[in-house]
Structure formats: C-alpha cells, structure tokens
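# Chains, contacts and geometry: an overview
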Amino acid sequence: MRDMQVAVDIVIFTIQSGELRVLLVKRGIPPFAGQFAIPGGFVLEDESLDQAALRELKEETGVGDVYLEQLYSFGDPGRDPRGRVITVAYYALVSANRSPLVAGTDAADARWCAIRQVPVLAFDHCKILDYALERLRNKLEYTTVGFQLLPPRFSLTELQEVYEAILEKKLDKRNFRRKLALLKVLRPTREYRRGGRRPARLYEFVAANFEKLKDKGILFPF
C-alpha cells in the first residue's frame, strides 16, 4: 500500500484594477513543471493544517495576518502522479494594497491572474479554484468577506468594484448606495481619495453594526 501524504493548497484572491485575481505559481519542478498551479505544499510533521496553510501563504505573498478559511478536502486517488496525496484546500483574501509576490522554492514564477484568464492548471487545481469561487460568491450575502479585499479605509466606488468583480456583473450605483445606507454598516471619515473628477470620501466598516444585522438574519442584498 502506498504511503499517504497530506498537503495544503491555498486559493489567494485579491482585487486589482477592478478585477478579481488569483495568485498562481509556475511550477519549477516535476510533476507539471512549467505549468501554473495554486500555491501549496506538503504538511510538515510538526505542523497543524492551519499552520501549514499560513506558512505557505507567508512564503508566497509575504503577508500572514489576512482572512484565511478552510475550504474543502480533495482526495481523488489519481489527483497527484507522485502518489496518494490528500489536500486540504483553503482560500485567503488579500487587499490590493498588500498583495506582493514572492515565488516559493518550487516555483519558477508567481503572478496575479484575472479569473477570466486562468489557464489550465496542474493537478486538480481548476476544480479547487471553482469551488473557492463558489464559496466566495455565496458568502458575500451574509459575511464580511467583501471588506477583507479592501484597505481599512475605502471609497464607495471601491467597495462597489469589489462586489462587481466577485459577482462578475454590473450593479446599479444608486441602488447599491441606497442599500448600504439602510444597512448602516459604514462610518464616514474625514479623509478623501483624490485623483478623479472630484474627491471621494473614505469610509470604514463598522463590525459591531454588522453583527447586529447578522443576528437579525439580515443579508447583504446585492
């Protein structure tokens, strides 16, 4: 019987130029050398699953204190030509202002790839990415995942761009802002983002108000 190994793979999302992007690494070693894949690696003997995922995230992006959630386990017998490997997939959300790239020891290249331009991936990583996308979109309605892709202070336009990028559809600006005003989960600051036709006021997310909405079963209706 073949020895069984456990790995972690991390689907790392960010928003850049109004697009949802995923971090891909080009494998520098077999199997699938030269092909893009989701960052990941084997779990070390002295690590928990979460510790392994955090280590891989730190190695590939240089950041660690970001939103990270366990996604699902993938264990088809033929998913890895090296032998019997079960992977526990995670997804992480990194705001655009904290999305550097660091190619790991087994990666020849690392890049942020727009979701619509993702190539065929190594292993079963296309399946893992599809699952992560579905989870992310479903959680927009009842969690704060959308805000995890933003800096602490953001404009309403930036927030709308996050939702549009994840949902892959345009949202009506007036309706979007009206619903946000009703939810009362944003606090206006005295800061403005300059660079457009007019300065854009910056806002902060009020977690305490969101918790009250969640307790009442109120969703983000976008």
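Everything discussed here concerns the structure shown above.
The following refers to the structure shown. No experiment lies behind these values; they were computed from the predicted model shown. (Residues numbered from 1 in each chain as written. Predicted model: local features only at pLDDT ≥ 70, side-chain atom pairs only at ≥ 80, totals over all residues. Heavy atoms only, no water.)

## Digging into the overall build of the chain
A count of helical and extended segments in the chain gives six helices and nine strands. Relative to the globule expectation of 17 Å for 222 residues, the C-alpha radius of gyration of the chain, 19 Å, shows essentially globular dimensions. Dimensions of the chain, computed from C-alpha atoms along their principal axes, come out at roughly 60 × 40 × 30 Å. Every one of the 222 residues in the chain was classed for burial, and the buried ones make up 45%. Long-range contacts, defined here as pairs at least 24 residues apart, represent 68% of the contacts in the chain between residues at least 6 apart. Taken as a whole, the chain presents about 12,000 Å² of accessible surface, with 50% of it coming from carbon and sulfur. Each charge class in the chain can be summarised by its mean position, and for the 35 positive and 29 negative side chains these summaries are 11 Å apart. (Helix = DSSP H or I, 4+ residues; strand = E, 2+ residues; numbered from the N terminus. Rg over C-alpha atoms; globule rule 2.2 N^0.38 Å. Buried < 20%, exposed > 50% of the residue type's maximum accessible area, 1.4 Å probe, protein only. Contact = heavy atoms within 4.5 Å. Areas by Shrake-Rupley, 256 points an atom, 1.4 Å probe, with all protein chains shown as cover. Lys, Arg positive; Asp, Glu negative; His and termini not counted. Charge placed at Lys NZ, Arg CZ, Asp CG, Glu CD.)

## Quick notes on the side chain of Asp-80
With respect to the helices and strands, Asp-80 occurs in the loop between strand S5 (67-74) and strand S6 (84-93). Classification of Asp-80 by relative accessible area gives buried; the value is 4%.

## Observations concerning the side chain of Glu-56
Tracing the backbone through its elements, the reader meets Glu-56 in helix H1 (residues 49-61). The buried category is assigned to Glu-56, whose relative accessible area is 6%. Setting aside anything within four residues of it in sequence, one finds Glu-56 in contact with Val-8, Ile-10, Gly-40 and Gly-41.

## Observations regarding the environment of Gln-70
Mapped onto the secondary structure, Gln-70 falls in strand S5. Residue class for Gln-70 comes out partly exposed when judged on its relative accessible area of 40%. Residues Gln-70 and Val-43, spaced 27 residues apart in sequence, show a C-alpha to C-alpha distance of 14 Å. Once residues lying within four places of it in the same chain are set aside, the contact partners of Gln-70 are Leu-49, Asp-50, Val-88, Ala-89, Tyr-90 and Arg-135.

## Some thoughts on the pairing of strand S1 (residues 4-16)
One ladder, built from ten bridges, connects S1 with S6; its direction is parallel. Its bridge partner being in S6, Ile-12 is matched across the sheet by Ala-92. Relative to strand S4 (residues 40-42), S1 runs antiparallel, the two being bridged by three bridges. In the strand pairing of S4, Ala-7 is matched with Phe-42. Strand direction decides the pairing type here: S1 and strand S2 (residues 19-27), joined by four bridges, are antiparallel. In the strand pairing of S2, Gln-16 is matched with Glu-19. Between the antiparallel neighbours S1 and S2 lie two residues, among them Ser-17 with a positive phi of about 55°. (Pairing = 2+ DSSP bridges.)

## Side note on helix H2 (residues 125-139)
Helix length check: H2 (15 residues) gives 21 Å between terminal C-alpha atoms against 21 Å at 1.5 Å per residue, within 8%. Those residues of H2 lying buried are His-125, Ile-128, Leu-129, Ala-132, Leu-133, Leu-136 and Lys-139. The arc that holds every buried residue of H2, seen down its axis, measures 140°, which confines them to one face. (Expected span 1.5 Å × (residues − 1). Arc of directions from axis to C-beta.)

## A short note on helix H5 (residues 173-183)
Those residues of H5 lying buried are Phe-176, Leu-180 and Leu-183. On an axial view of H5, the arc spanned by its buried residues comes to 60°, and they lie on one face. Residues Arg-174, Ala-181 and Leu-182 are exposed on H5 and point more than 90 degrees away from its buried face. Of the surrounding secondary structure, the elements contacted by the buried residues of H5 are helix H4 (156-167), strand S8 (186-193) and helix H6 (207-215). The N-cap of H5, judged by a side-chain oxygen 3.4 Å from the amide nitrogen of Arg-174 a few residues on, is Asp-172. Immediately downstream of H5, the backbone of Lys-184 shows phi near 60°, a positive value. (Polar contact = N/O pair within 3.5 Å; in protein donor to acceptor, adjacent residues only side chain to side chain.)

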